Amino acid sequence: MHPFLSPKTLLTRVAAAILLLVLVMVACSFVGTEPISLKAALAGPALSSASPNPDYEILLRVRVPRILLAAIVGAALAGAGVVFQAILRNPLADPYILGVSSGAGLGAMLAVICSVNWTLWGRSPVAVFAFFGALGTVWLVWTIGRITGKFHVTGLLLAGVVVNACFSAVIMFLTSITRSQDVYATVFWLMGNLAEEEAFVLWASGGCVVAGIVALLFLGAQLNVISFGPTDARSMGIHVERVQFVALAISAFITAVAVSLSGLIGFVGLIVPHAVRLVLGPDHRQLLPLSCVAGAIFLIVADTVARWIVAPAQLPVGVITAMAGGPFFLILLIRYNRKVYWLS
Amino acid sequence: MTTRVQLHNVTFAYRPDQPVLKDICLSVEPATFLAVVGPNGAGKTTLIDLLAGLLEPQEGIVAIDGREIHSYSRRHLAEKVALVRQEHVPVFGFSVAETVLMARIAHVGQWGFERPVDRRTVADALDVTDTAQFASRPLADLSGGERQRVFIARALAQDTPIILLDEPTSFLDLRHQVAIYDLLKSVQREKARTVIAITHDINLAAQYCDQVLLLQPWRAASGDQSHSAPGAGAHYRVGSTHQVFTKSEIESVFGIRVFSASVGSENMFLPLGEMAKDAGRRGPPQPTDLA
Amino acid sequence: MRRWCVLLALFVAWNLLGYALFRPQRIDADVRAPNASHPMRIVSMAPNLTEILYALGLDERVAAVTGDSDYPPEAATKPRVGSFWLPNLEGIIAKRPDLVLSLDIPQQRSLAARLRRMGYDCLVLSIWTVDDLFGAIETIGRATGQHIKANALASGIREDLVRLGRTRAGRDRPRVLWVVQREPLRVAGRNTFINELIELAGGENAIGPTLHKYPPVGAEQIIGANVQVIIEPAMMGGDPAEQRRRALAHWGRLASVPAVADGRIHVVEADAVSRLSPRLAEGIQLIAGCLWPAEGGE
């Protein structure tokens, strides 16, 4: 008999993945532009009364926060990618497809143009505006998409494309007329980068993303059924519109959190779900948690490479995710050739 | 608890002033095998959608067990009615066994993990539809006919008192057509299920079904003479196979000439067009021809 | 429904706990007087800041500079910590600085805030105009205990400027077009430090006041602006003579412009004019050399 996914198998796999994640985090915290040693770092925060211990500082104040940030953003993007692909029934969907990218950009641009100076919990105004811009735009796309009918995902996709195009045009217009020099820095920020963040920001955003992912886990089985289309899903007892709305809302929220932390890092939300699906199959109860962990690992490694490969300079992490993600995915595709059945 | 399906004066239109179904009254007793036949565009699929709770009628009431269908929660309705439809386009590669297992979601807990009873149900459903050998294979690898059997297995695994099927044998070879009808009939008899199936094959319907609902497009029928048979409205006719499947009825509703003959307890009807080899032959006269 | 409420409650509790534990601090972007009066390990995050440090005689106390600090040549021997638009935080920390000098540009703001939160002294300097430059020299002088030398440096530069200005008094100001980028054409507008350099050199910006600092302009505006001199900064790693030839070829289409007709298209050595640094007077002299070539720019 065909082996079905049992709770025990799932828990074992998730535990193994989390163990791998921890190992990767520890290993990557020792890679960087400056060589440091664990022994020196353990000597404590200060070498003497006047000078700090650079090994300790670099390890705990620079690298570890950045690795945690990469884990949070990677998990959020990969998890949201799984959900968007399931709800939109489209293997080419990524978390930015319903207007998040242009919404975040517009929000960031408005923050710069209005020369907003206050900060929220140590987050610059650009990040806060980007967060609300992303969420607001998804809400707008959802509202427009619903005009085409309650379950019509093509309508949603089209609305997303239209809104993205319109907002991108507005962004270009604002860029051309704005006086502020900061706009170029904003454009650079939007390209996606990971920088060191404050402890509270990591704590709060980590909580948001984990809460979002746990909430999505409740929907795993229902996402499986929705893959067969709204009619089949309804006839099997799924409240399709409610599941769509809740799943999209939570995914948009964690994507907005990720974007406000790090700009638009591409590829993670698109490729990691596919890679995990190729290896382990499309069952969302397993795909969702494992994609989140895989996304975290992927982004940590990509960021580590970005920090190290042209040291002491740093590449934007989006460059590494694209350059590495593509070929890696091709290799997986070839190896698991027989399992490729989403191109029916 | 009975699982009677009833339609009280149901009218449905996709566009205003163009009703597809007008004033339909229908009562299906529990454990009945009902065939729904009629020309294209007559509203057969619309009727099935109404019975599955996917559409709401503009007028009238659809009732299951005496309760209006929309008063059931989604999940309770899924425990009463299962649906097998025509087009299935799987995007992500679920295996056959996983596909059939999804029907159990109405019965399992929130985390969605299956219990042993669910797996047994799935195994049984795969066995009776002769799809057990595909259990581990991805759905997209199968032929159209094999996929159709898998979706029928899924409806069976859903374990509901009412099963609705929209052309369940359209892609199947002869052997499997008969096998599915045998299966549906045995499910009806042994497990007291109500089976309502849309079909184009009136001969198999005659052999297996107890009741027949014959639908005509509403536009064509208005202005027609009304029939004297019981349960008749302007554009539909419901009754036993003998009452509904008569040569004159079939010829007028479908607009064709048929050759009819008696098989035994039931008749058979073979449509013959002008270019057919035996064109023009009508078969021995039947008692019902005089009606 | 119940488990969603539980999840929400846990989430709120998590955030409150985090707030209690970590108590986020505000980002403070103001310039603060540093603690140590004689910092011995200074890190400079921009080339002009490096120049100021060396001009104040602090070369022994410079621990590290950015990769683009190329003047004076001795600065090239110091350890590098990234570039001014991509600073390397780890590198800076590894040098154990007691004073970090950074610019008030977006790419370095978060760096400054981060260093401050970790307890390092970080001075943020805003150098957008010539006056800002004098202010920065003074501030750095105070921070490093070199205020006497700083005053002397500032006075010296001011004297040079006055001297240069005197020779130009009463003259007509040539109209200058400063071309930052040729395709698409962008020039330095009135609201830039380059404009100040041009005016100090005795010229006048051919372009009137614009919305942008470095506006894109069309051929129409150039013809109407009566441009007498065109100046382009030399591109890095290129041959200035070659660049001038290409510029002449490019501008040949607009023969009606006086600068083109007279062949007054100049390519200047970029460093002295691309940043506000102690070599201000040199830069202005270079520009004056383009405006009044016959006099050798004196």
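Everything numeric here is computed off the predicted structure, so don't read it as measured data. (Residues numbered from 1 in each chain as written. Chains lettered and ligands numbered in written order. Predicted model: local features only at pLDDT ≥ 70, side-chain atom pairs only at ≥ 80, totals over all residues.)

A. How the structure looks around the interface of chain A and chain B. Counting residues at the interface gives 29 residues for chain A, matched by 34 residues for chain B. Listed by contribution, the elements that provide at least two residues to the side of chain A that touches chain B are helix H9 (220-226) and helix H10 (230-235) of chain A. Grouping the constituent residues of the side of chain A that touches chain B by class yields 13 nonpolar, ten polar and six charged. (Contact = placed C-beta atoms within 7 Å. Helix = DSSP H or I, 4+ residues; strand = E, 2+ residues; numbered from the N terminus. Nonpolar A, V, L, I, M, F, W, Y, C, P; charged D, E, K, R; others polar.)

B. Seen up close, helix H12 (residues 280-291) of chain C. Compared with the 16 Å implied by 1.5 Å per residue over twelve residues, the 17 Å span of H12 of chain C between its first and last C-alpha is a close match. For H12 of chain C, the set of buried residues is Leu280, Gly283, Ile284, Leu286, Ile287, Ala288, Cys290 and Leu291 of chain C. (Expected span 1.5 Å × (residues − 1). Buried ≥ 20, exposed ≤ 12 C-beta atoms within 10 Å, placed from the backbone.)

C. Main features of the arrangement of the chains. The interface with the highest contact count, out of two pairs of chains in contact, is the one between chains A and C. There is no contact between chain B and chain C; across them, the least C-alpha separation is 11 Å.

D. Spotlight on the nonpolar core. Judged by nonpolar contacts, the single largest core of 183 residues is most densely connected at Val100 and Leu164 of chain B. In terms of residue count, helix H3 (residues 54-87) of chain A provides more of this core than any other element does, 17 residues in total. The residues that make up this core include at least three from each of domain 1 (1-72 + 161-175 + 188-241) and domain 2 (90-159) of chain B. In contact with Leu164 of chain B, other than residues within four places in its own chain, are Ile48, Leu51, Ala52, Val81, Ala82, Leu83 and Ile196 of chain B. Judged by nonpolar contacts, the second largest core, of 80 residues, contains Ile36 of chain A together with Leu53, Tyr54 and Leu280 of chain C. (Core = buried A, V, L, I, M, F, W, Y, C linked by C-beta atoms within 7 Å. Domains from an automatic or database assignment.)

E. Highlighting the domain arrangement of chain C. Residues and elements named next belong to chain C. Here chain C is described as being made up of domain 1 (42-160) and domain 2 (171-295). The C-alpha centroid of domain 2 is placed 29 Å from the C-alpha centroid of domain 1. Contributing elements (two or more residues each) for the side of domain 1 that touches domain 2: helix H2 (47-55), helix H5 (130-144) and helix H6 (147-168). Here the side of domain 1 that touches domain 2 is composed, by residue class, of ten nonpolar, two polar and two charged.

F. Expanded view of the confidence of the model for chain C. Residue and element names in this part refer to chain C. Looking at chain C, pLDDT values average 83 and 94% of them are 70 or higher. Note that pLDDT drops below 50 for residues 26-34; the model gives that stretch 16 contacts with residues more than four away or on any other chain. Taken together, the chains of this predicted complex give a pTM of 0.84 and an interface ipTM of 0.82. (pLDDT = per-residue confidence, 0-100.)

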